[in-house]
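# Architecture at a glance
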Amino acid sequence: MPIENHSLVNELPEFKEQIHELKMNDAHFRRLFEEYHFLTHEIENIEKEIVLASTLEEEEFKKRRLLLKDTLADMLRKAKAEQKTEA
């Protein structure tokens, strides 16, 4: 199976501006973003067989990453809506 690019900017390109803004100004977002990035890196290493892990562990990492992505996407949608109301 080919390994895809799951960086948050690649996954949610419509929020590129908000990702940058929140990473700079929101500590909670930044912490979640860093955890998402860490999980993505770990999953890639498992898929490349650099790190050995069971299928169950890999699936748990993927589930955690998906939950984080949903949380981050909600935060980004709210930030974008707030930005539009300020303009």
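Look above for the structure.
Please read these numbers as outputs of a predicted model, since none were measured by experiment.

Rules behind the numbers
Residues numbered from 1 in each chain as written. Predicted model: local features only at pLDDT ≥ 70, side-chain atom pairs only at ≥ 80, totals over all residues. Heavy atoms only, no water. Helix = DSSP H or I, 4+ residues; strand = E, 2+ residues; numbered from the N terminus. Buried < 20%, exposed > 50% of the residue type's maximum accessible area, 1.4 Å probe, protein only. Contact = heavy atoms within 4.5 Å. Areas by Shrake-Rupley, 256 points an atom, 1.4 Å probe, with all protein chains shown as cover. Lys, Arg positive; Asp, Glu negative; His and termini not counted. Charge placed at Lys NZ, Arg CZ, Asp CG, Glu CD. Core = buried A, V, L, I, M, F, W, Y, C linked by side-chain atoms within 4.5 Å. Expected span 1.5 Å × (residues − 1). Axes fitted to C-alpha atoms, helices over the stretch in contact; angles between N-to-C directions. Parallel < 35°, antiparallel > 145°, perpendicular 65-115°, else oblique. Nonpolar A, V, L, I, M, F, W, Y, C, P; charged D, E, K, R; others polar.

## Let's talk about the overall build of the protein
- Looking only at helices and strands, one finds four helices and zero strands in the protein.
- Listed by position from the N terminus, the elements making up the protein come as α-α-α-α.
- Sorting the 87 residues of the protein into buried and exposed places 30% on the buried side.
- In the protein, of all internal contacts separated by at least 6 residues, the share reaching a separation of at least 24 is 67%.
- For the protein, the accessible surface area stands at approximately 6200 Å², while carbon and sulfur atoms represent 54% of it.
- Averaging the locations of the 14 positively and 20 negatively charged side chains of the protein gives two centres separated by 3 Å.

## Brief notes about the side chain of Asn-45
- The topology assignment puts Asn-45 in helix H3 (residues 27-47).
- On the basis of relative accessibility, which here comes to 12%, the residue Asn-45 falls in the buried class.
- If we skip the residues at most four places from it in the chain, Asn-45 touches Ile-50 and Val-51.

## Remarks on unusual backbone geometry
- The phi angle at Glu-49 is positive, at roughly 65°, despite the residue not being glycine.
- Tracing the backbone through its elements, the reader meets Glu-49 in the loop between H3 and helix H4 (55-86).

## A short note on the nonpolar core
- Ranked by internal contacts, the top residues of the largest apolar core, which has 16 residues, are Leu-8, Leu-12, Ile-19, Phe-29, Leu-72 and Leu-76.
- Listed by contribution, the elements that provide at least two residues to this core are helix H2 (16-25), H3 and H4.
- No other element matches H4, which puts six residues into this core.
- Discounting chain neighbours no more than four positions away, the residues touching Leu-76 are Leu-12, Phe-15, Gln-18, Ile-19, Leu-22 and Phe-29.

## A look at H4
- Taking 1.5 Å of rise per residue, 32 residues should cover 46 Å, and H4 covers 46 Å from first to last C-alpha, within 8% of that figure.
- Where H4 is concerned, the buried positions are Glu-58, Arg-65, Leu-68, Lys-69, Leu-72, Ala-73, Met-75, Leu-76 and Ala-79.
- Structurally, H4 contributes buried residues whose contacts are with helix H1 (8-11), H2 and H3.

## Things to note about the packing of H2 against H4
- Interhelical geometry of H2 versus H4 gives an angle of 100° and a closest axis separation of 9 Å. The orientation of H2 with respect to H4, classified from their angle, is roughly perpendicular. Side by side, H2 and H4 meet where Glu-17, Gln-18, Ile-19 and Leu-22 of the first sit next to Met-75, Leu-76, Ala-79, Lys-80 and Gln-83 of the second.
- Its residues assigned to classes, the contact of H2 with H4 shows five nonpolar, two polar and two charged.

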